[in-house]
Amino acid sequence: MSVLVLVLAVSAACCVGFGFVLQQNAAQHAPLGDFLSPRLLLDLMRVPSWLGGIALMVAGMVLGAVALSQGEVSLVEPLLATNLLFALALSRRQTRQPLGRQGWAGLVLLAGGVTAFIVAGRPRGGSAVTDPFRHWLIIGAMTGLALLLTTFAKRSRLSSGPVLLALAAGLLYGVQDALTRVSGQRFSEGGFTALFTAWQPYGVVALGVTGLILVQSAFETAPLRMSLPALTAAQPLAGILCGVGFLGDRLRTDTGALAWEATGLAAIVAGIVLLGLHPCMPAGSGKPERMRDLQAN
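Predicted model only: the values in this text are computed from it and were never measured.

1. Focus: the overall build of the protein
Then, in step 1: Helix and strand counts for the protein come out as twelve helices and zero strands.
Then, in step 2: The C-alpha atoms of the protein give a radius of gyration of 18 Å, which matches the 19 Å a tight globule of 297 residues would have.
Then, in step 3: For the protein, the accessible surface area stands at approximately 13100 Å², while carbon and sulfur atoms represent 67% of it.
Then, in step 4: Between the centroid of the 20 positive side chains of the protein and the centroid of its 13 negative side chains there is a distance of 7 Å.

Here it is, written out as structure tokens:
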């Protein structure tokens, strides 16, 4: 693994993790009437702490984009999933909660899962698939599933709405990461002309704004511990699928390697859930009742 890619990806995860905590602290006070509306972003722009969180997230996205330009999506995505560790660190500083068995177990599972997946899979570059049908099939499946989850979240009368929104946002962010890598490749090959005459950079912006609205709506209606695990788990899975599906990323496929890769991914998801549900994660004022109140209106 390139040390540069490692440093860039972990730095990106740090910025994103800190940014998510600051964003949720502000979004939990936003008007419910802004739910799933671009107005939500306009209202939050008046809150300094939210702007600080967005600045950190943008910095993380830039660092992540550079990491993606230097390494495979299947390598960078698991490293970006460690943003939850940094979110937990900031939350723990705010709440003064001890890490405890749950926190240590989640940390070991997440770190061990990332290590197991990367060591067993040995992600490496290959020839990207040129068939546009494969591209649109995978991207369409991810965005279609995100749309379906958003629809269920809006109609849900349970407390699962924020989780579904976070899952949808994670899928979109995973696709965004894949398109970010394609955009970087086009820029390196043909400069700004090749970049802005392709559809991928515009797709990156559209997915980013849509994902941001979904994330802030999830933060607005429930505590961070309900939404962040789903968001953090869905993004690397979607990104890896895109990387292997049409970007040409290659993983080892012998039986032993596949078993360890599956075990690593399962450990990453388990660690994310344990850390995301840790008591030190901000509970905020967002409650499931906010979602029910919104549906009643």
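Here the narrative resumes, following the displayed structure.
2. What to know about unusual backbone geometry
Then, in step 1: The backbone of arginine 122 shows a phi angle near 45°, a positive value even though the residue is not glycine.
Then, in step 2: Inspection of the secondary structure puts arginine 122 in the loop between helix H6 (100-121) and helix H7 (132-155).

3. Some words on the nonpolar core
Then, in step 1: Ranked by internal contacts, the top residues of the largest apolar core, which has 76 residues, are Phe20, Leu228 and Leu231.
Then, in step 2: Among the elements that make up this core, the one with the highest residue count is helix H8 (residues 161-196) (twelve residues).

4. Details of the confidence of the model for the protein
Then, in step 1: Here the protein averages 84 in pLDDT, and 93% of its residues register 70 or above.
Then, in step 2: The secondary-structure element of the protein with the lowest mean pLDDT is helix H12 (residues 288-296), recorded at 50, while H7 shows the highest, at 91.
Then, in step 3: Predicted confidence for residues 285-289 stays below pLDDT 50, and this span has 13 contacts to residues more than four positions away or in other chains.

5. Some details on the pattern of salt bridges
Then, in step 1: Evaluated as defined, the whole model comprises three salt bridges.
Then, in step 2: A salt bridge links aspartate 43 to arginine 46; its shortest N-O distance comes to 3.9 Å.
Then, in step 3: Overall, the relative accessible area of 22% leaves aspartate 43 in the partly exposed class.

6. Some remarks on the environment of threonine 221
Then, in step 1: For threonine 221, the position within the fold is in helix H9 (residues 200-221).
Then, in step 2: When its relative accessible area of 0% is taken as the criterion, threonine 221 is described as buried.
Then, in step 3: Along the chain, threonine 221 and alanine 30 lie 191 residues apart, while their C-alpha atoms are 9.0 Å from each other.

7. Some thoughts on the packing of aromatic side chains
Then, in step 1: Using the criterion set out here, one finds five aromatic pairs in the structure.
Then, in step 2: Ring centres 4.9 Å apart and planes at 70° place the aromatic pair phenylalanine 187 and phenylalanine 192 in the edge-to-face group.
Then, in step 3: Classification of phenylalanine 187 by relative accessible area gives partly exposed; the value is 37%.
Then, in step 4: With 5.9 Å between their ring centres and 5° between their planes, phenylalanine 192 and phenylalanine 196 make a pair best called stacked. With phenylalanine 192 and phenylalanine 196 both in helix H8, this residue pair falls four residues apart, about one helical turn.
Then, in step 5: What makes phenylalanine 196 partly exposed here is its relative accessible area of 46%.
Then, in step 6: Through a chain of ring-to-ring contacts, the aromatic side chains of Phe187, Phe192 and Phe196 assemble into a single cluster.

8. A look at the environment of tryptophan 104
Then, in step 1: Counting through the fold element by element, tryptophan 104 comes out in helix H6.
Then, in step 2: Through-space distance from the C-alpha of tryptophan 104 to that of leucine 274 is 9.2 Å; in sequence the pair is 170 residues apart.

9. Observations regarding a nonpolar patch on the surface
Then, in step 1: Together, Phe187, Phe192, Phe196 and Tyr202 make up a nonpolar patch on the protein surface, roughly 460 Å² of accessible area in all.
Then, in step 2: Broken down by element, the nonpolar patch gets its largest block of residues, three residues, from H8.
Then, in step 3: When you line up the elements, phenylalanine 187 lands in helix H8.

10. Section: the side chain of serine 183
Then, in step 1: Mapped onto the secondary structure, serine 183 falls in helix H8.
Then, in step 2: Judged by its relative accessible area of 8%, serine 183 falls in the buried class.
Then, in step 3: In this view, serine 183 contacts Leu195, Gln200, Pro201 and Val204; residues no more than four positions away in its chain are not counted.

11. Quick notes on the packing of H6 against helix H11 (residues 255-276)
Then, in step 1: Between H6 and H11, the least distance of the axes is 7 Å, while the angle of their chain directions is 155°. In terms of orientation, H6 lies roughly antiparallel with respect to H11. For the pair H6 and H11, the sense of crossing is left-handed.

12. Focus: the packing of helix H5 (residues 83-95) against H11
Then, in step 1: Where H5 contacts H11, the two axes come as close as 10 Å, and the packing angle between them is 15°. As summarised for this structure, H5 and H11 are arranged roughly parallel, according to the angle between their axes. Pair H5 / H11 crosses with left-handed handedness. Residues Leu84, Leu85 and Leu88 of H5 form the contact with H11, whose own contacting residues are Ile272, Leu275 and Gly276.
Then, in step 2: Of the residues contributing to the contact of H5 with H11, the split by class is five nonpolar, one polar and no charged.

Conventions adopted
Numbers given to residues run from 1 along each chain, matching the order in which its sequence is written. Per-residue local features are limited, in this predicted model, to residues with pLDDT of at least 70; the limit for side-chain atom pairs, both in listing and counting, is 80 or more; totals at the level of whole chains, interfaces and linings are taken over all residues. Computation of side-chain values: all heavy atoms of the structure, hydrogens and water removed. Put simply, DSSP marks the helices as runs of H or I at least four residues long and the strands as runs of E at least two long, and each gets a number from the N terminus on. Put simply, the radius of gyration uses C-alpha atoms, and a globule should come to 2.2 Å times the residue count raised to 0.38. A 1.4 Å probe and the Shrake-Rupley method give the accessible areas. Residues count as covered only by the protein chains that appear here. A residue counts as positive if it is Lys or Arg and as negative if it is Asp or Glu; His and the chain ends are not included. Every charge is mapped to an atom, namely NZ of Lys, CZ of Arg, CG of Asp or CD of Glu. Side-chain atoms within 4.5 Å link the members of a nonpolar core, which is a set of buried Ala, Val, Leu, Ile, Met, Phe, Trp, Tyr and Cys residues. Residue exposure (1.4 Å probe, protein chains only): buried if accessible area is under 20% of the type maximum, exposed if over 50%, otherwise partly exposed. For every residue, the predictor states its confidence as a pLDDT score lying anywhere from 0 to 100. Whether two residues are in contact is decided by their heavy atoms, any of which lying within 4.5 Å being enough. Counted as salt bridges are all cases of a side-chain nitrogen of Lys or Arg within 4 Å of a carboxyl oxygen of Asp or Glu. Between 30 and 60 degrees the pair is tilted, below 30 it is stacked and above 60 it is edge-to-face, where a pair is any two Phe, Tyr or Trp rings, Trp via its six-membered ring, whose centres lie within 6.5 Å. Think of a patch as exposed residues, more than 30% relative accessible area, with no salt bridge, where like charges cluster within 9 Å and nonpolar side chains (Val, Leu, Ile, Met, Phe, Trp, Tyr) cluster within 5 Å. Comment: axis = line fitted to C-alpha atoms, over the contacting stretch for helices; angle = value between 0 and 180 degrees taken between N-to-C directions. Should an angle fall under 35 degrees it is taken as roughly parallel, and over 145 as roughly antiparallel, whereas 65 to 115 is taken as roughly perpendicular and any remaining angle as oblique. Handedness of a crossing is defined here by the sense of rotation of the near helix relative to the far one, left-handed for an anticlockwise turn of less than a right angle and right-handed for a clockwise turn. For this scheme, ten residues count as nonpolar: Ala, Val, Leu, Ile, Met, Phe, Trp, Tyr, Cys and Pro. Four count as charged, namely Asp, Glu, Lys and Arg, and the remainder, Gly too, count as polar.

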